[in-house]
Amino acid sequence: LFLAARNNRHVTCGTVLKLQNTDYKVRLHSHDVKYGTGSGQQSVTATELQEDVNSHWAVKAATGKHCERGEPVKCGDTIRLHHLATNKNLHSHHFQSPLSGNQEISAYGDEHGEGDTGDHWMLVCSGDSWVRSNPVRLQHTDTDMYLGVSGRTFGRPINGQMEVVGLPNPYSGTEWIAAEGLFIHPTEKDSGSHIHTEL
């Protein structure tokens, strides 16, 4: 079922991936470390390490919505990015980021991985749907900010990791590309199999 298909060009619902920032070559990352400022929620950073389980995010539908596993994510869709290791969602809100004073990006949600509308991101891309080889932008639906990297670097306890922020303009540091991942196939409509698998 979990074939990293060479012919599967699209990022689909249920895909687990790492997102690499095209300008800074770092991967979107989170971990059980809280911000010391702002919201005090779980911090989201970017890391140069390629192999890190804390950089896996699952593509999910908006809160209360359902998307079919394997269905390509369309440009303009509202999605959630669910952090697998900590069961939280990529989140933003009107708090200042700790290093650059941009908008804070955090990871948020209850023990069931459910948060609120602050977890919603609109996929901004060219063409019809999210193609793995093409850079995309993620625009926060509540605040209109773009997911980006400020270029500032943290000290301890998350030494060397970069600050991830919400930026008002879709310029420097706001493009992301689907790096390593587990890309779910569109299911065969006539296969007759109704096996439901949870990640």
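Residues numbered from 1 in each chain as written. Predicted model: local features only at pLDDT ≥ 70, side-chain atom pairs only at ≥ 80, totals over all residues. Heavy atoms only, no water.

As annotated in an unreviewed UniProt entry, the chain carries the name MIR domain-containing protein and is attributed to Anopheles christyi. We quote the UniProt Subcellular location (unreviewed entry) comment for the chain here in full: "Secreted". (UniProt positions renumbered as here; feature names shortened; annotations may be inferred.)

Draft legend 1. Quick look at the overall build of the chain. Across its full length, the chain carries zero helices and 12 strands. Mapped from its N terminus to its C terminus, the chain presents α and β elements in the order β-β-β-β-β-β-β-β-β-β-β-β. Looking at the chain residue by residue over its 199 residues, the buried ones come to 47%. Total accessible area on the chain stands at roughly 9900 Å², and carbon and sulfur atoms take up 49% of it. (Helix = DSSP H or I, 4+ residues; strand = E, 2+ residues; numbered from the N terminus. Buried < 20%, exposed > 50% of the residue type's maximum accessible area, 1.4 Å probe, protein only. Areas by Shrake-Rupley, 256 points an atom, 1.4 Å probe, with all protein chains shown as cover.)

Draft legend 2. Representation of the packing of aromatic side chains in the model. Counted according to the given criterion, the structure contains zero aromatic pairs. Over the face of the ring belonging to Phe-183 we find Arg-132, whose NZ or CZ atom lies 3.8 Å from the ring centre. (Phe/Tyr/Trp six-rings, centres within 6.5 Å; stacked < 30°, edge-to-face > 60°. Lys NZ or Arg CZ within 6 Å of the ring centre and 35° of its normal.)

Draft legend 3. View of the state of the cysteines. Taken as a whole and assessed by the stated rule, the structure comprises two disulfides. Through a disulfide, Cys-75 is tied to Cys-125; the S-S separation comes to 2.0 Å. Judged by the torsion about the S-S bond (-115 degrees), the Cys-75/Cys-125 disulfide is left-handed. With Cys-75 in the loop between strand S4 (57-61) and strand S5 (78-83) and Cys-125 in the loop between strand S8 (121-124) and strand S9 (137-140), this pair connects stretches of sequence that are 50 residues apart. Taken N- to C-terminal, the disulfide-bonded cysteines of the chain are connected 1-2, 3-4. (Disulfide = S-S within 2.5 Å.)

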